[in-house]
Structure formats: structure tokens, C-alpha cells
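# Breakdown of the fold
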Amino acid sequence: MGRLDGKVAVVTGAGSGVGKEHALLLAAEGANVIVNDLGDSGDETVTAITDSGGAAVCIKANVADWATGETLVNAAVENFGDFHILINNAGILRDAMSFSMTEAQFDQVIAVHLKGHFVCARAAAVFWREQAKSGNDASRRMIHTTSESGLFGGPAQANYASAKGGILALSITLGRELTKYGVTTNVVAPRARTGLTDYIQSMAAPEDPLDFDVYDPANVSPFVVWLCTDQAKDINGQAFIVGGSGIWWMRNWSHQNSVKLEAEKWTLNDIDRHRDLLFGDAETGVPKFEAPSF
Ligand SMILES: NC(=O)c1ccc[n+]([C@@H]2O[C@H](COP(=O)([O-])OP(=O)(O)OC[C@H]3O[C@@H](n4cnc5c(N)ncnc54)[C@H](O)[C@@H]3O)[C@@H](O)[C@H]2O)c1
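Remember, predicted model here, so these are calculated numbers, not experimental data.

## What about the site of the ligand?
- Neighbouring the ligand are 29 residues, the closest being Asp-37, Asn-62, Asn-89, Tyr-160 and Thr-194.
- For the ligand, an oxygen atom lies 2.8 Å from a polar atom in the backbone of Val-18.
- A distance of 2.7 Å separates an oxygen atom of the ligand from a polar atom in the backbone of Asn-89.
- Here the ligand loses 91% of its free accessible area of 820 Å² to cover by the protein chains.
- A majority-of-atoms criterion places the ligand in the second largest pocket.
- When contributions to the shell around the ligand are tallied by element, the ones reaching two or more residues are α1 (17-28), β2 (32-37), α4 (103-133), α6 (158-178) and β6 (183-191).
- Among the residues forming the shell around the ligand, the class breakdown is 12 nonpolar, 14 polar and three charged.

## Some remarks on the environment of Gly-154
- Turning to its location among the elements, Gly-154 is positioned in the loop between α5 (148-152) and α6.
- Considered as a pair, Gly-154 and Pro-222 are 68 residues apart in the sequence and their alpha carbons are 26 Å apart.
- Leaving out residues up to four positions away in the same chain, Gly-154 has contacts with Ser-149 and Ala-161.

## What about the pattern of salt bridges?
- Here the structure, examined in full by the defined rule, presents six salt bridges.
- In this structure, the salt-bridge partner of Asp-40 is Lys-60, at a minimum N-O distance of 3.1 Å. One end of the pair, Asp-40, is in the loop between β2 and α2 (41-51); the other, Lys-60, is in strand β3 (residues 56-60), with 20 residues separating them in the sequence.
- The class of Asp-40 is exposed, set by a relative accessible area of 54%.

## Remarks on α2
- Turning to α2, its buried residues are Gly-42, Thr-45, Val-46 and Ile-49. The arc that holds the buried residues of α2, viewed along the axis, is 100°, so those residues lie on one side. Residues of α2 that are exposed and point more than 90 degrees away from the buried face comprise Glu-44 and Asp-51.
- In this fold, the buried residues of α2 make contact with α1, β2 and β3.
- Backbone geometry just after α2 places Gly-53 at a positive phi near 90°.

## A few points about the pairing of strand β7 (residues 239-243)
- A large share of β7 lies buried, amounting to five of its five residues.
- Going residue by residue along β7, you find Ala-239, Ile-241 and Gly-243 tucked away on one face and Phe-240 and Val-242 tucked away on the opposite face as well.
- As paired strands, β6 and β7 are joined by five bridges and run parallel to one another. Along β7, the bridge assignment pairs Ala-189 with Ile-241.
- Bridging between β7 and strand β8 (residues 246-250) involves five bridges; their strand directions are antiparallel. Within β8, the residue paired with Phe-240 across the bridge is Trp-249.
- Counting the residues that bridge the hairpin from β7 to β8 gives two residues, and of these Gly-244 lies at a positive phi of roughly 55°.

## Re unusual backbone geometry
- For Ala-156, which is not a glycine, the phi torsion comes out positive at approximately 70°.
- Secondary-structure assignment places Ala-156 in the loop between α5 and α6.
- The exposure class of Ala-156 is partly exposed, given its relative accessible area of 21%.
- With a phi angle near 45°, Ala-263 is a residue other than glycine that sits in the positive phi range.

Calculation criteria
- Residues numbered from 1 in each chain as written.
- Predicted model: local features only at pLDDT ≥ 70, side-chain atom pairs only at ≥ 80, totals over all residues.
- Heavy atoms only, no water.
- Near = heavy atom within 4 Å.
- Polar contact = N/O pair within 3.5 Å; in protein donor to acceptor, adjacent residues only side chain to side chain.
- Areas by Shrake-Rupley, 256 points an atom, 1.4 Å probe, with all protein chains shown as cover.
- 1 Å grid on protein atoms, 1.4 Å probe; cavity = no way out; pocket = protein on both sides within 12 Å on 5 of 7 lines; lining within 4 Å.
- Sits in = over half its atoms within 2 Å of the grid points.
- Helix = DSSP H or I, 4+ residues; strand = E, 2+ residues; numbered from the N terminus.
- Nonpolar A, V, L, I, M, F, W, Y, C, P; charged D, E, K, R; others polar.
- Contact = heavy atoms within 4.5 Å.
- Salt bridge = Lys/Arg side-chain N within 4 Å of Asp/Glu carboxyl O.
- Buried < 20%, exposed > 50% of the residue type's maximum accessible area, 1.4 Å probe, protein only.
- Arc of directions from axis to C-beta.
- Pairing = 2+ DSSP bridges.

Next up, the structure:
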């Protein structure tokens, strides 16, 4: 008995890296999986699943294309009879400092991450709302993929950090719209050695293969898959960093302090006078990069 027997999941960008591991673990827990990626790599993920006795179908499609959302939902329903879990994961990097970034670098990253997440989420929302209205009260899950760059800001990643920050706001917005249709929506920022990060030396595999491989992408999947189970039905609109042996629950943009006049508009001089009340002795430079350490 798997925890997700009979469920149907779509995983975007599941031909490699973190998405592949999500697809393998979803299948190992009994879910039927639509494996999406751009090229042939998705076929290898499907073979790995079917060789282990699971069920999966590969759909080659670009998540930045509007039609892909409906294609993936239809593939789930036509192959496996329903659709319960969307893992938005596909991604690319086109790093450059803001002053060197080209229009193409900016547009490509926003298209794959932010638009790609919305394209699939929108198609899922259309299907799940119809199902709920026709009396199908199955629970549904969306897991989106952000990054510490999106949580904290990342130099040379204005495109990527903007898209990943947008995904955090998108997830909460989807939660406000779709909770009443039985949908939960959460976001995970992975830490893993993949095609995207294999240039980072500190993420190299341990020299001794018996040592725990902190950056193995498979370390991210158990929490993502757990969010898809009934045990996580009350976790909604939340964000996490996941990697190695760690799970960090994140919240940001909290209210720090406020000042207020009595029913009148601020003047610049008023603001001068209230400056110290608003900020006190607090640090007002660029916020520190406070990523949790392992
Ligand atoms: N690896 C990390 O440490 C890390 C950190 C933060 C965020 N992330 C995020 O995790 C997700 C997975 O990345 P990864 O590290 O596994 O990298 P990866 O390169 O191994 O996997 C990304 C997959 O997405 C696919 N893809 C790219 N564009 C696509 C498109 N338009 N349509 C469909 N598929 C597409 C790629 O072909 C690839 O198989 C990404 O969203 C990435 O931004 C990863």
C-alpha cells in the first residue's frame, strides 16, 4: 500500500534533477504520473517508473506555452481517469548581473518559471473547479518550486529571483482562490546538485560514497510527496526550504512597525518628523541574506 494509491500526478521538468526524483517517489507511493519535460529525458523517467512496476506517461511539452496546461491535464484524465496532484518544477537559469542582462535572458526565465507555473496551475484550477462543482470532492494538491533567490534575492539572478518571488505570491493567491475547491497549494525551495547547480563546487558529491550525500536531489522529494498526502491536508499557502536532512518552514514580509496620522495626508516634512518613530534603531540597509544553514 502506497500513501498515494490511485492518485494521478503531473510533474513538470521531470526528465532530470529534482523533478525526476519527485516523479519516482510519487510513483513508488502508488501515484500514476504524467512526466513532462522538453526533450527525450522524460522517457527515461517513465522507463524507470514502469520498470519498478509503476505507471507513467511522458508528455513532451514546453510549460511556457499556454496550451501545455490543458495538454497535461487532459493526459492525466485520458490515461488515468482523474488528476489530483500538480508539481510545478520545470526551470532554467540565465544568470547575469542586472546591468548586463539581456531582454532574452529576462523573458526566457520569466516565461519558463512564472508563466510556466501559472499555465499549469490555471489548467488545473479549471479542471478542479469543474470537478468540485459536479460533486467530486477529492482533495487536490499543487506544489510549486521557488528558490532561496526568490525568498531572499540573489545577485546575478534578477530574472530568476523575480520569477521565483512571483511564484511565492502566486501560490498564496491560488490558495485564496482554490481552497474552497479542495485544493492546497504550497511552495518548496530545493537545495540539490542537479544540471542547474552542478557548477557549484560546495555541492559536490561526498568523496566517500558511504557518507550522506547532502545535495542528492532525492533528499528533497520525501517532503514534497508528503505534502501531497492526507497527512498534509491542513498545510496550505506555506513555503519551505528543503535539502539534505533539513526542512525549514519560511515566512517573510512580516509587518515591522508603522506610523499613522489622524485622517490626513502625509507631507514630506511629516515623514521627516516620523522617521525615527518608524525605523527606530533598526537596520535599514539591504536585508541580510539569512538563508538557514545545514
Ligand atoms: N537544484 C537546486 O539546488 C535548486 C535550487 C533552487 C531552486 N531549484 C528549482 O528546482 C527546479 C528543478 O530544477 P533542477 O535543479 O532539478 O534542475 P534540472 O535542470 O535538473 O531540471 C529542470 C528540468 O526542467 C526541464 N525544463 C526546462 N525548461 C522547461 C520547459 N520550458 N518546459 C518543460 N520542462 C522544462 C529541463 O529540461 C530539466 O529536465 C527548478 O524550478 C529550479 O529553479 C533548484
